[in-house]
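# Descriptive structure summary
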Amino acid sequence: MQDPMNTKPDLTGVAALLPGALRPRGLVVLTGAGMSAESGIATFRDAQSGLWARFDPMQLASEEGFREDPQRVWDWYAERREGVRRAEPNAGHVALADFDRRHPGVLTVVTQNVDDLHQRAGVAETIRLHGDILRDKWLEPCPRGLGCDPATAVPGRPPRCADCGHLVRPGVVWFGEALPPQAFALAEEAVRRCRLLLVVGTSGAVWPAAGLAALARRAGAMVVIINPADSEIDADANHVLRGTAATLLPALLGAI
Ligand code: APR
């Protein structure tokens, strides 16, 4: 009985799709927290180990939560930043970067992740949908005018502007906030243009990023999900490969 979700295509069946993607911007890889799980960075919704199983996202990943207790939120991100700095790109990140070096101009990585592991592995074109945990920005525009650098703020938990006392916040997208418009427009353009979209390590629980797989499908791309567990967007995929990023990406990309 053919598996209705075709969740058991052999790797070769999916690898056979790759040559057709070897064209400018022919391959897009949309990544989520599962991409960095094997680098030791916690995901958000995995039942036992996910951050949202242990912390309240509205208290820690929202502007309201930050205004309510800036130090609590600042300290939480500081701890996560340290984890990112200690982490290393895993074999999945390296496989993407090696593919990128062998086939310049073919790969675009669109990531929901706020770590810098794709960049440290060496992927040339990465679109960050949810910002960068290693960067800061002003909570409100600093009245000292454009171009003020949060790095010059008075150190603290969180740092404050020396002149007006405005707070510095982490440069990530919080719940209830819009994605950086340009980043999302570039991501939509990339998935509309590609021949093959690999969706790696995302639960598909957070929109609008979760809508990119269906958008790619409608535009005629083949969509393959790589995830050890079910996701909310499995139905948008042509194929679902049950496995991890650090195992399946090297197996899929290593030979082309
Ligand atoms: N390889 C591949 N996938 C994995 C691995 C792994 N080693 N380990 C876990 N996964 C999968 C899980 O099965 C799950 O489907 O990664 C997914 C992680 O899902 P989430 O924790 O929901 O992370 P993500 O989808 O990136 O969340 C999206 O939600 O909280 C916000 O801003 C946050 O960017 C995040 C967004």
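Below, the structure is looked at part by part.

Each value, and the rule that gives it
- Residues numbered from 1 in each chain as written.
- Predicted model: local features only at pLDDT ≥ 70, side-chain atom pairs only at ≥ 80, totals over all residues.
- Heavy atoms only, no water.
- Buried < 20%, exposed > 50% of the residue type's maximum accessible area, 1.4 Å probe, protein only.
- Helix = DSSP H or I, 4+ residues; strand = E, 2+ residues; numbered from the N terminus.
- Contact = heavy atoms within 4.5 Å.
- Expected span 1.5 Å × (residues − 1).
- Arc of directions from axis to C-beta.
- Salt bridge = Lys/Arg side-chain N within 4 Å of Asp/Glu carboxyl O.
- Polar contact = N/O pair within 3.5 Å; in protein donor to acceptor, adjacent residues only side chain to side chain.
- Near = heavy atom within 4 Å.
- Areas by Shrake-Rupley, 256 points an atom, 1.4 Å probe, with all protein chains shown as cover.
- Pairing = 2+ DSSP bridges.
- Axes fitted to C-alpha atoms, helices over the stretch in contact; angles between N-to-C directions.

### A short note on helix 11 (residues 245–253)
Burial in helix 11 covers these residues: Ala-245, Ala-246, Leu-248, Leu-249, Leu-252 and Leu-253. For helix 11, the secondary structure elements touched by its buried residues are helix 1 (11–15), helix 2 (34–37), helix 7 (91–102), strand 6 (196–200), strand 7 (222–226) and strand 8 (239–241).

### Describing helix 6 (residues 70–86)
Taking 1.5 Å of rise per residue, the 17 residues of helix 6 would be expected to cover 24 Å, and the 24 Å separating its terminal C-alpha atoms lies within 8% of that figure. Among the residues making up helix 6, those that are buried are Pro-70, Val-73, Trp-74, Trp-76, Tyr-77, Arg-80, Arg-81 and Val-84. All buried residues of helix 6 lie within an arc of 160 degrees about the axis, which places them on one face of the element. Away from its buried face by more than 90 degrees, helix 6 exposes Glu-79 and Arg-86. Packed against the buried residues of helix 6 are helix 3 (51–54), helix 4 (57–60), helix 5 (63–68), helix 8 (117–121), strand 4 (131–138) and strand 5 (168–172).

### Notes on the pattern of salt bridges
In this structure the tally under the stated criterion is 14 salt bridges. For Arg-72, the salt bridge goes to Asp-69, with nearest N and O atoms at 3.9 Å. For the salt bridge of Glu-177 with Arg-169, the shortest nitrogen-to-oxygen distance reads 2.8 Å. One continuous salt-bridge network, built from bridges that share partners, spans Glu-63, Arg-67 and Glu-140.

### Some words on the environment of Arg-242
With respect to the helices, strands and loops of the structure, Arg-242 is situated in the loop between strand 8 and helix 11. Along the chain, Arg-242 and Met-58 lie 184 residues apart, while their C-alpha atoms are 31 Å from each other. Excluding anything up to four places from it in sequence, Arg-242 contacts Asn-227, Pro-228, Ala-229, Asp-230, Asp-234 and Leu-248. Side-chain polar atoms of Arg-242 contact the backbone oxygen of Ala-229, separated by 3.1 Å. For Arg-242, the side chain forms a polar contact with the side chain of Asp-230, separated by 2.9 Å.

### Some thoughts on the site of the ligand
Looking at the ligand, there are 22 residues lining it, with Phe-44, Arg-45, Thr-202, Ser-203 and Asn-227 nearest. The contact in question runs from an oxygen atom of the ligand to an N or O atom on the side chain of Ser-203, over 2.6 Å. Within the complex, 92% of the 740 Å² of free accessible area of the ligand lies under protein.

### A word on the side chain of Asp-132
Along the chain, Asp-132 turns up in strand 4. Separated by 2.8 Å, the side chain of Asp-132 and the backbone nitrogen of Leu-134 make a polar contact. Excluding its chain neighbours within four sequence positions, the residues that come into contact with Asp-132 are Val-114, Gly-171 and Val-172.

### Side note on the sheet that holds strand 6
Spatially, the 6 strands line up as an open sheet ordered 3-2-1-6-7-8, and their pairing is parallel. Two strands in the sheet have a free side with no partner beyond their single neighbour: strand 3 (126–128) and strand 8. The mean angle between the axes of side-by-side strands here comes to 20 degrees, regardless of whether they run parallel or antiparallel. Note that strand 1 (residues 27–31) and strand 2 (residues 107–111) share 5 bridges and pair parallel.

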